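Remarks on the overall topology
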Amino acid sequence: MLIPLGTERALKRPPIVTQGLIVVNMLIYLSAVMLSYFNIMDREAFANFGHFWMQDFKVWQLITYQFLHDPYGIFHLGFNMLFLWVFGRSVEDRLGHISFLTFYLMAGIFAGIAHGMLENAPVIGASGSIAGVSGAFLALFPRSRVRVLFVFFIISLMSIQAKWIIGFYIAFNLLNQGLGMLGPSDNSVAYGAHLGGYLFGFMFAFTMLATGLLKREDMDVFYLLRQRHRRAQLRSVAKKTHGGIWDTRGVAPKEPSAAPAAKPMTAKQREEARRRAEISKLLEDHKLEEAARRFRV
C-alpha cells in the first residue's frame, strides 16, 4: 500500500478551501454519529438520504453524496481527507480558491455520473471528487515529489514523483473496474467514480493549460512534453555527429579499410564539428539543459 503524506511544493497562498472541505466532511460525519447516538436517525438512513443513485435520480444528491462517508467506519473518511490534504492544497494554490471549489464539486458530479453509468448501485463519499483533484495534480505537477508511506511486509518512507504514485492508483482502479465487469465483484468501492474523477481532473487541468487560461510552469505536463521533444532533437543531432554517444552503442567496430585522404575542413566545418562534439559531451554528462542551450545557439 502506498499512502501519500505530503508534497515538496511550497504554497503561495493558504489552502482555505481545502481546509474548509475537510472540516465540513468531518462535521457531517460527526452529525451522523450524534443523530444515531441520540436515536434521532440511524447512520444508514442518514447516508441513504444523501446518496446518489442513478435509478432514483435526484439532482441535489450529486452534491450531497460527495460529503457522506461509510457510517460504520472512520477509514473511508480518513483516507479521503488525507488524499485531499496532500493533493488539494497545491491544486487550490494554482487554480485559486473559488475556481478550486467549483472544480472540486464539478469533479464529484462527473464522478457520480460515471459511477451511475457503470454500476447499478448507490454511491457516497468524496473519493470521486478527490480523484479529480489527484488527476489535476497529475497534469499540473507530474514531476513533483510526494512523500509516501510504503506498507508491504515492511514499513518505510519514500519519495516518489507524482506521476508514478497517481499512475499507480489509476492503474489499480482500472484493473479492479475491469475485473468487476468480467464477473461478480465487491461493490463497496466505487472504482468507476474514481476513474471518472481522474479523467475529469486531468482533462480539466490539461485544457486550462493548453488554452492559456492557466499559466504554464516548469512542473506541468506541457513542460514534460517540451523536454521530451527537446531530447528527441538532441538525439537526432548526436546521431549525425561522428563519435556521438548513440553512434556506436551495441555496434561492432568495422575493419579499417583504405580510403581516400579526407579534404581539409573549412573553418565553418571545423566550428560545426567542435559544436557537435561539445553537445555530445554534455549529453554524455547528462547536462540536458546546457546541451539544449548550445543546440539552440
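Note that the coordinates shown come from a computational prediction; the quantities given were computed from them, not determined experimentally.

Along its length, the protein carries 11 helices and three strands. Mapped from its N terminus to its C terminus, the protein presents α and β elements in the order β-α-α-α-α-α-α-β-β-α-α-α-α-α. Across the 297 residues of the protein, 41% fall into the buried class. For the protein, long-range pairs separated by at least 24 residues make up 71% of all intrachain contacts whose partners lie at least 6 apart in sequence. Accessible surface computed for the protein: about 17,400 Å², of which carbon and sulfur atoms make up 66%.

By the definition in use, this model includes 21 aromatic pairs. Between Phe 168 and Phe 172 the ring centres are 6.5 Å apart and the planes differ by 25°, which places this aromatic pair in the stacked class. Separated by four residues within a single helix, Phe 168 and Phe 172 lie in helix α7 (residues 162-182), roughly one turn from each other. Both rings, one in Phe 200 and one in Phe 204, keep their centres 6.0 Å apart while their planes meet at 25°; by these two values the pair is stacked. Of this pair, Phe 200 and Phe 204 are both found in helix α8 (residues 191-210), four residues apart, which corresponds to roughly one turn of the helix. What makes Phe 204 partly exposed here is its relative accessible area of 22%. An aromatic cluster is present here, built from Phe 83, Phe 87, Phe 137, Phe 141, Phe 168, Tyr 169, Phe 172 and Tyr 191 joined pairwise through their rings.

For the rest of this paragraph, the subject is helix α6 (residues 127-140). Here α6 spans 19 Å end to end across 14 residues, near enough to the 20 Å set by a 1.5 Å rise per residue. Across the 14 residues that make up α6, a large majority, 14, are buried.

Below, the discussion takes up unusual backbone geometry. Across the chain, the bulk of peptide bonds are trans and the bulk of non-glycine residues have phi less than zero. Although it is not a glycine, Asn 39 adopts a positive phi angle of roughly 60°. Along the chain, Asn 39 falls in the loop between α1 (16-37) and α2 (43-50). The phi dihedral of Phe 153 falls on the positive side, at around 70°, and the residue is not glycine. Within the secondary structure layout, Phe 153 lies in the loop between β2 (145-152) and β3 (154-161).

Right, let's get into the pattern of salt bridges. Two side chains carrying opposite charge are able to pair once their charged atoms lie near each other. All chains considered together, the criterion is met by six salt bridges. With its nearest N and O atoms 3.9 Å apart, the salt bridge here joins Lys 12 to Glu 217. Linking Lys 12 in the loop between β1 (2-7) and α1 with Glu 217 in the loop between α8 and α9 (221-239), this pair joins segments that are 205 residues apart in sequence. For Lys 12, a relative accessible area of 70% corresponds to the exposed category. Assessed through its relative accessible area of 22%, Glu 217 is described here as partly exposed. With a closest N to O distance of 2.8 Å, Asp 56 and Lys 58 form a salt bridge. Classification of Lys 58 by relative accessible area gives partly exposed; the value is 28%.

All right, on to the sheet that holds β3 then. Read from one edge of the open sheet, three strands run β1-β2-β3, paired in antiparallel fashion. Because the sheet does not close on itself, it has two edges, and the strands there are β1 and β3. The mean inter-strand angle of the sheet, taken between neighbouring strand axes irrespective of direction, is 25°. For β1 and β2, the ladder comprises five bridges, and the chain directions are antiparallel. Directly across from Leu 2, in β2, lies its bridge partner Phe 150.

About the criteria used
Residues numbered from 1 in each chain as written. Predicted model: local features only at pLDDT ≥ 70, side-chain atom pairs only at ≥ 80, totals over all residues. Heavy atoms only, no water. Helix = DSSP H or I, 4+ residues; strand = E, 2+ residues; numbered from the N terminus. Buried < 20%, exposed > 50% of the residue type's maximum accessible area, 1.4 Å probe, protein only. Contact = heavy atoms within 4.5 Å. Areas by Shrake-Rupley, 256 points an atom, 1.4 Å probe, with all protein chains shown as cover. Phe/Tyr/Trp six-rings, centres within 6.5 Å; stacked < 30°, edge-to-face > 60°. Expected span 1.5 Å × (residues − 1). Salt bridge = Lys/Arg side-chain N within 4 Å of Asp/Glu carboxyl O. Pairing = 2+ DSSP bridges. Axes fitted to C-alpha atoms, helices over the stretch in contact; angles between N-to-C directions.

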